[in-house]
Amino acid sequence: MRVSLFATCLGDQFYADACADAVRLLRHVGVEVDVPDAQTCCGQPAYNAGLRDEALRMVKHTLDAFEGSEYVVLPSGSCAGMMRCFYPELAHDDERAASLAERTYELSQFLVNVAGVEALGSGLGGKRVAYHHSCHALRELGVRDEPIELLAKCGAEVVPWVADEECCGFGGLFSAKLPEVSAAMADRKLDTLPVVDFVTSTDGGCLMQLSGRAEKRRTGPPFRHLASALWEGVRG
Amino acid sequence: MKLRPPGEYRAEAARTIRETPGIRDAVTNATDTFNAHRAHAYGEIDSDRWRDWARDVKTHVLTHLDEYLVQAEEQLTANGAKVHWAETASDALAILGDIVQEHGIERTVKAKSMLTEELGVNEHLEGLGVHVRETDLGEYILQLLDEPPSHIVGPSIHRSLEDSQRLFHERFGTPLDSEPDALAAAAREALRADFLAADLGISGGNFLAAETGTIALIENEGNIRLSTSLPRVHVAMVGIEKLVPRLEDLSGFLQLTARAATGQPIGCFVSLIQGPKRDDEVDGPEEVHVILVDNGRTKLLADDTAWEALRCVRCGACLNICPVYRQTGGHPYGWTYSGPIGAILAPGMLGLEESLPLPHASSLCGACVDVCPVRIPIPEILVHWREKAVEAGLTPFVEDIGLKAYTAAAEQPMAFRAAGAMLRHLPLELGGRALPILGGWMQERSAPKPSKKSFMNQWKDGIE
């Protein structure tokens, strides 16, 4: 089984260590990993801003970059959702779009549903963890149980969080266009957060928003990308 | 209090968050309750199947609107009601004004109706010297406070119990610690005199069954029943999108709407109105007028994507679940319809330029899609309006140029990574606030922390 990792623009620059941990995880479960060099951005920023032409150019670029990939795995539910849900419609005249969409997975979704991971390790034993559902992982990809299952397999106690399925307020450009509302949304998440060792999520965007807001408020637990949390679970 | 226009959304939202945090608490608490009740009520039925059905019926109506409108008019007329057509708000108000004049109306009682808010009925009637009394408890509170509704179903949702206790204490002398029931009793006492004195009752209409010319009204307080049956004249103002084909369709819609709105199996009162009282009936108005209102609806219907928003049954479920709406309530949206549904209706009904930035007042989280009883694809329509704004050249210059430059760079992996490396080494924490986009981020959050070494470089050097 061969996976092409799509680090995503945010992952490459801001969650590089988590992307490297994703490579380690995939190799650990017996998957061969490659990283196509032409990859850059999935096009979601342009798409969400209403720049359809620019979004389509990024779709074409990404289709070229991952031509011939068996599976594409992303450490991001949002970018994976963009590819799975919107590529086929945006590039309806390019038959590669629907095919790539079907072969694209968010990391935890791939580990559980394709790689069939049974056990990882016990490195998170005794850790209390809050899991934030990225909206696009949850609602576009239907990824709800997979990350929690994997965390539990590593020994973590995933604690209930009343706002775990509510949006963190990131929303890409939304966070900068309407910063006050966006921050109030993050506050709602942080204000309801139980006492935990760390907060984790499938998406760097959400983590950047929550950790950036927590730091500004000078309070809050550590925030870690799911790939890094799971790799710690393996490594111990 | 007048609403500030949608263009003031950001400033109004920020002001609400900073200066009146009680609004956020009141709205969050009330919508939490709505959401819990809706989830329970959806769980009792095969809600996916019901919602598919409701979507299909509404889509059918909207694609055959001309036929059903004519049928509804014929049936209502045959029932003895008088049907009027209003293309614009001022047409509707003029028709209402004529009825008021013809009957020498001095006092009117109003059932809760968002359409009458949209049209500005109260201000118009007061301008004509007519006394107007809102009879829904929430609307009554807002009328006393001189505020517009902030939620489709719970108009005073942004107000706490303490606010109402204080208001009623000042107004009626009720104790400051009165229970909600005692406040409702005080309001009922005051309203009863208004009901008895009114010679006109004004309502909206939740649904209009074309087959029989039946207007259906859902409520929990009984004030709609009284407003539409006690005064000698009843005027129902109904949006043209409120049609359903058959009387039996009401059965499904009345139940689904109540479940979506408040989590009830059905409203405490359902009124089905077909016309004035008949010769052998004791109760009921002598005249019933139905004003069918367009006011931007056919314009919205003509849009090949956004037309689906016209399926809306005004349950408010998308407001309750929306994490954006929940921070501020409805007033910052600057229009009668707030929240996600307001943000997609406004560009089609008011005009795109007038409605910006409402289509951007969403993180596109999609929570609204999970709850909408008629399956309106709200995030898709939000993106659609953003695309229309780009086409019309209404996007802020920096954003437009920035995203185009970003796309051009992202087509050149080498250049893209070089730009990324450069940005990562800028002293963001020091200078970031002065930059466009990043400045908005840093106003409320710490600067993003770049990784020490990019992933692509880690990959090239080998990952152990």
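None of these values were measured; they are calculated from a predicted model.

What counts, and at which threshold
Residues numbered from 1 in each chain as written. Chains lettered and ligands numbered in written order. Predicted model: local features only at pLDDT ≥ 70, side-chain atom pairs only at ≥ 80, totals over all residues. Helix = DSSP H or I, 4+ residues; strand = E, 2+ residues; numbered from the N terminus. Rg over C-alpha atoms; globule rule 2.2 N^0.38 Å. Buried ≥ 20, exposed ≤ 12 C-beta atoms within 10 Å, placed from the backbone. Core = buried A, V, L, I, M, F, W, Y, C linked by C-beta atoms within 7 Å. Contact = placed C-beta atoms within 7 Å. Nonpolar A, V, L, I, M, F, W, Y, C, P; charged D, E, K, R; others polar. Pairing = 2+ DSSP bridges. Axes fitted to C-alpha atoms, helices over the stretch in contact; angles between N-to-C directions. Parallel < 35°, antiparallel > 145°, perpendicular 65-115°, else oblique. Left-handed = near helix turned anticlockwise from the far one by under 90°.

Draft legend 1. Structural detail: the overall build of chain A. Helix and strand counts for chain A come out as 13 helices and 8 strands. Taken against the 2.2 N^0.38 rule, which gives 18 Å for 236 residues, the C-alpha radius of gyration of chain A at 17 Å falls within 12% of a compact globule. The principal-axis extent of the C-alpha atoms belonging to chain A is close to 50 × 45 × 25 Å. By the burial criterion, 61% of the 236 residues in chain A qualify as buried.

Draft legend 2. Examining unusual backbone geometry more closely. For the peptide bond that leads from Leu356 of chain B to Pro357 of chain B, omega is 10°, which places it in the cis range. Residue position: Pro357 of chain B is located in the loop between helix H17 (352–355) and helix H18 (367–371). With a phi close to 75°, Thr8 of chain A is a non-glycine residue in the positive phi region. Positionally, Thr8 of chain A belongs in the loop between strand E1 (2–5) and helix H1 (9–14). By the C-beta count within 10 Å, which is 27 here, Thr8 of chain A ends up buried. With phi around 60°, Leu364 of chain B is a residue other than glycine that occupies positive phi space. Here Leu364 of chain B is to be found in the loop between H17 and H18. By C-beta crowding, Leu364 of chain B is classed as buried, having 23 other C-beta atoms within 10 Å.

Draft legend 3. How the structure looks around the nonpolar core. The biggest cluster of nonpolar side chains holds 190 residues, and the ones touching the most others in it are Cys19 of chain A together with Met237, Ala309, Cys318 and Ile344 of chain B. When residues of this core are assigned to their parent elements, the largest contribution, 8 residues, is made by helix H2 (residues 16–28) of chain A. Ile344 of chain B has contacts with Ala306, Ala309, Ile378, Ile381, Leu382 and Trp385 of chain B, leaving out every residue within four places of it along the chain. Formed by 8 residues, the second largest nonpolar core is a distinct cluster that contains Tyr140, Leu142, Phe168 and Leu183 of chain B.

Draft legend 4. Just the interface of chain A and chain B, in detail. Across the boundary between the two partners, chain A contributes 55 residues, which contact 52 residues of chain B. Secondary-structure elements contributing two or more residues to the side of chain A that touches chain B are H1, H2, helix H3 (44–49), helix H4 (52–65), helix H8 (135–140), helix H10 (174–177), helix H11 (179–191) and helix H12 (204–216) of chain A. Counting residues per element, the side of chain A that touches chain B draws most heavily on H11 of chain A, at 7 residues. Split by residue class, the side of chain A that touches chain B holds 28 nonpolar, 12 polar and 15 charged.

Draft legend 5. Representation of the environment of Asp294 of chain B in the model. Residue and element names in this part refer to chain B. Position of Asp294 among the secondary structure elements: in the loop between strand E10 (287–293) and helix H13 (297–301). Looking at Asp294, the number of C-beta atoms within 10 Å reads 20, which means it is buried. If we ignore the near neighbours within four places in the chain, the residues touching Asp294 are Ala86, Glu87 and Ile240.

Draft legend 6. Highlighting the sheet that holds strand E4 (residues 104–106) of chain A. Residues and elements named next belong to chain A. Overall, parallel pairing links the 4 strands, which are arranged E2-E1-E3-E4 in an open sheet. Each edge of the sheet is formed by a strand with only one pairing partner; in this case those strands are strand E2 (32–34) and E4. Sheet twist, expressed as the mean angle between neighbouring strand axes with direction ignored, is 35°. Two strands pair when backbone bridges link them, and E1 and E2 are joined in this way by 3 bridges, in the parallel orientation.

Draft legend 7. Structural context of the sheet that holds strand E2 (residues 107–110) of chain B. All names here are of chain B. Overall, parallel pairing links the 6 strands, which are arranged E1-E10-E7-E4-E2-E3 in an open sheet. The strands lining the two open edges of the sheet, one partner per strand, are strand E1 (82–86) and strand E3 (131–134). Between one strand axis and the next, the sheet turns by 20° as a mean value, whatever way the strands run. In terms of strand pairing, E2 meets E3 through 4 bridges, oriented parallel. Across the sheet, residue Val109 finds its bridge partner in E3, namely Arg133.

Draft legend 8. Molecular detail of the environment of Asp203 of chain A. All names here are of chain A. Here Asp203 shows up in the loop between strand E7 (198–201) and H12. With 31 C-beta atoms packed within 10 Å, Asp203 lands in the buried category. Residues Asp203 and Pro45, spaced 158 residues apart in sequence, show a C-alpha to C-alpha distance of 15 Å. In contact with Asp203, not counting residues within four places along its chain, are Ser76, Gly77, Ser78, Ser134 and Ala137.

Draft legend 9. Highlighting the packing of helix H8 (residues 137–145) of chain B against helix H9 (residues 161–172) of chain B. All names here are of chain B. Running from N to C, H8 and H9 point in directions that differ by 65°, and their axes come no closer than 11 Å. Taken as axis vectors, H8 and H9 run roughly perpendicular relative to one another. H9 is crossed by H8, and the crossing has left-handed handedness. Every residue of H9 that contacts H8 at Ile141, Leu144 and Leu145 is listed here: Ser164, Leu167 and Arg171. Within the contact of H8 with H9, the residues separate by chemical class into 4 nonpolar, 1 polar and 1 charged.

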